[in-house]
Amino acid sequence: MSTETVHLTDRRPHVSADELLAGFRPSERFGEVSFDTYRPDPQQPSQARAVEELRRFADSVGRDGGGGFLARLFGGGSRTDVRQGIYLDGGFGVGKTHLLASLWHAVPGPKAFGTFVEYTNLVGALTFRKAVDALSSYTLVCIDEFELDDPGDTVLMSRLMRELSDAGVRIAATSNTLPGSLGEGRFAAQDFQREIQVLADQFEVLRIDGEDFRHRGLPQAPAPLADVELEAVVEQRFGGRVVAADAFADLVEHLSHVHPSRYRKLIEGVDAVVWREVRTIEQQAVALRFVVLADRLYDKNLPIIASGRPFDQVFTPEMMAGGYQKKYYRAVSRLTALAREGILGDVSAV
């Protein structure tokens, strides 16, 4: 059975508001996780404590009588010993996303789960007011990888969180740590409190300690294939399946014509991707769009087969050392894992 080849550069997906909101759920990687499937490290008591606190938080959602943030702030409404929001602070690889997704699965009613970037993209696609109106009816909003590297986006998300909290929506979030800051206190709670201002007092900050699986640096990127090898490897690894094959330069340029909120739809129905002549991205705006695509590919666990440069060279050294470095490190790590699966068949890397 021959491989079906498609081209992402031919796709201009259209996504309705309802379709966008329906996508705010844990990715396939975390589609069936629970608190019971999380395995706390016995040497790190904060992990078991986080599970206990999150179970308590989940039990409280929808049972506190509502009233909104301002009502609670000035003494109105019902109060419990559980704060309006909960924030998971820890390094890479300690299970924050697993726990956040477990919370999402444990809470009944309408709810949303997405990354910080996905929420900013949602606002860009719907407008701020329509996004608030849509999410205000939810019982829980989960924000994975809360970022502080873009002041504008941080102010936007702080305002969104304030308005949702005022509507009685419970909020849970995780932090995103700069790779260069590992072992240096990770994400500082005081920074979080400063950025979200009055909401800070409504958040319980849970520190989750543990060995950081990326503290030894990025995984080794597999050697790219030669262009002439791509077709044979694709047939060997993905024969009979749907493969999206594109010239890397064409794909990166195409991303400027597709809103990032539609990248999930862009790769729908694809089993693997093939990129010819991967090259270093020189422009920051282009690189940031590509990071979003890398996250969506990782969410769907789509293997990558590529020629050209290895993925540890896809961003410039200045980008890897600059203000958005945590985005780029995450993207390189994820792209490398997907390439190791696609080129080497190493599923343990993903």
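Peer 1: Looking at this model, I keep getting lost on the overall build of the protein chain. Mind explaining?
Peer 2: When you go through the protein chain residue by residue, the secondary structure sums to 14 helices and nine strands. Across the 350 residues that make up the protein chain, the buried fraction comes to 54%. Of the roughly 15400 Å² that the protein chain leaves accessible, carbon and sulfur atoms contribute 47%.

Peer 1: So what exactly am I meant to see when it comes to unusual backbone geometry here?
Peer 2: Leaving glycine aside, a negative phi is the common case for residues, and trans is the common case for peptide bonds. Positive phi values are uncommon outside glycine, yet E277 reaches one of about 60°. Structurally, E277 is set in strand β8 (residues 272-278). Residue classification places E277 among the partly exposed residues on the basis of a relative accessible area of 40%. If you check the backbone angles, N301 has positive phi at about 55° while not being a glycine.

Peer 1: Looking at this structure, how should I read the nonpolar core?
Peer 2: One recurring pattern in soluble globular proteins: nonpolar side chains tend to sit buried together. Ranked by internal contacts, the top residues of the largest apolar core, which has 42 residues, are W275, F290, L293 and F315. Mapped onto this core, the elements with two or more residues apiece are β7 (242-247), α10 (248-254), α11 (263-266), β8, α12 (284-299), β9 (304-308), α13 (317-321) and α14 (325-344). Of the residues forming this core, the biggest block, nine residues, is contributed by α12. In this view, F290 contacts F248, V252, L255, W275, I281, V314, F315 and L335; residues no more than four positions away in its chain are not counted. Counting 28 residues, the second-largest nonpolar core is a separate cluster that includes F116, Y138, V141 and L164.

Peer 1: I would appreciate a short explanation of the packing of aromatic side chains in the present structure.
Peer 2: Two aromatic rings are characterised by how far apart their centres lie and by the angle between their planes. Going through the model one piece at a time under the given rule, you end up with nine aromatic pairs. Judged by centre distance (5.0 Å) and plane angle (70°), the rings of F116 and F146 are edge-to-face. Remark: F146 occurs in strand β4 (residues 140-146) and F116 occurs in helix α5 (residues 116-126); sequence separation between them is 30 residues. What makes F116 buried here is its relative accessible area of 2%. Assessed through its relative accessible area of 0%, F146 is described here as buried. With a centroid separation of 5.9 Å and 80° between ring planes, the pair formed by W275 and F311 is classed as edge-to-face. Here F311 lies in the loop between β9 and α13 and W275 lies in strand β8, a separation of 36 residues in the sequence. Each member of the pair, W275 as well as F311, carries the same accessibility label: buried. Members of the aromatic cluster, each reached through a chain of ring pairs, are F248, W275, F290, F311, F315 and Y328. Sitting over the face of the ring of W104, K111 holds its NZ or CZ atom 4.4 Å from the ring centroid.

Peer 1: How should empty space enclosed by the protein be read in this particular structure?
Peer 2: The rolling of a water-molecule-sized probe over the atoms marks out the regions of remaining empty space. According to the stated counting rule, one finds two cavities of 30 Å³ or more in the structure shown. Roughly 50 Å³ of internal volume is contained in the second largest cavity. Every residue lining the second largest cavity is listed: A221, P222, P224, A306, R309, P310, F311, A339 and I343. Within the lining of the second largest cavity, the residues separate by chemical class into eight nonpolar, no polar and one charged.

Peer 1: What am I meant to see in helix α9 (residues 227-238) here?
Peer 2: The α-helix winds at 3.6 residues per turn, so residues separated by three or four positions along the chain end up facing the same way. Compared with the 16 Å implied by 1.5 Å per residue over twelve residues, the 17 Å span of α9 between its first and last C-alpha is a close match. Of all the positions in α9, only L230, V233, V234 and F238 are classed as buried. What you see down the axis of α9 is that its buried residues fit within an arc of 105°, all on one side. Residues of α9 that are exposed and point more than 90 degrees away from the buried face comprise V228, E231, A232 and Q236. Buried residues along α9 sit against β7, β8, β9 and α14. Looking one or two residues beyond α9, the residue adopting positive phi is G240, at roughly 85°.

Rules of the game
Residues numbered from 1 in each chain as written. Predicted model: local features only at pLDDT ≥ 70, side-chain atom pairs only at ≥ 80, totals over all residues. Heavy atoms only, no water. Helix = DSSP H or I, 4+ residues; strand = E, 2+ residues; numbered from the N terminus. Buried < 20%, exposed > 50% of the residue type's maximum accessible area, 1.4 Å probe, protein only. Areas by Shrake-Rupley, 256 points an atom, 1.4 Å probe, with all protein chains shown as cover. Core = buried A, V, L, I, M, F, W, Y, C linked by side-chain atoms within 4.5 Å. Contact = heavy atoms within 4.5 Å. Phe/Tyr/Trp six-rings, centres within 6.5 Å; stacked < 30°, edge-to-face > 60°. Lys NZ or Arg CZ within 6 Å of the ring centre and 35° of its normal. 1 Å grid on protein atoms, 1.4 Å probe; cavity = no way out; pocket = protein on both sides within 12 Å on 5 of 7 lines; lining within 4 Å. Points joined across faces, edges and corners; volume = space filled by probe spheres on them. Nonpolar A, V, L, I, M, F, W, Y, C, P; charged D, E, K, R; others polar. Expected span 1.5 Å × (residues − 1). Arc of directions from axis to C-beta.

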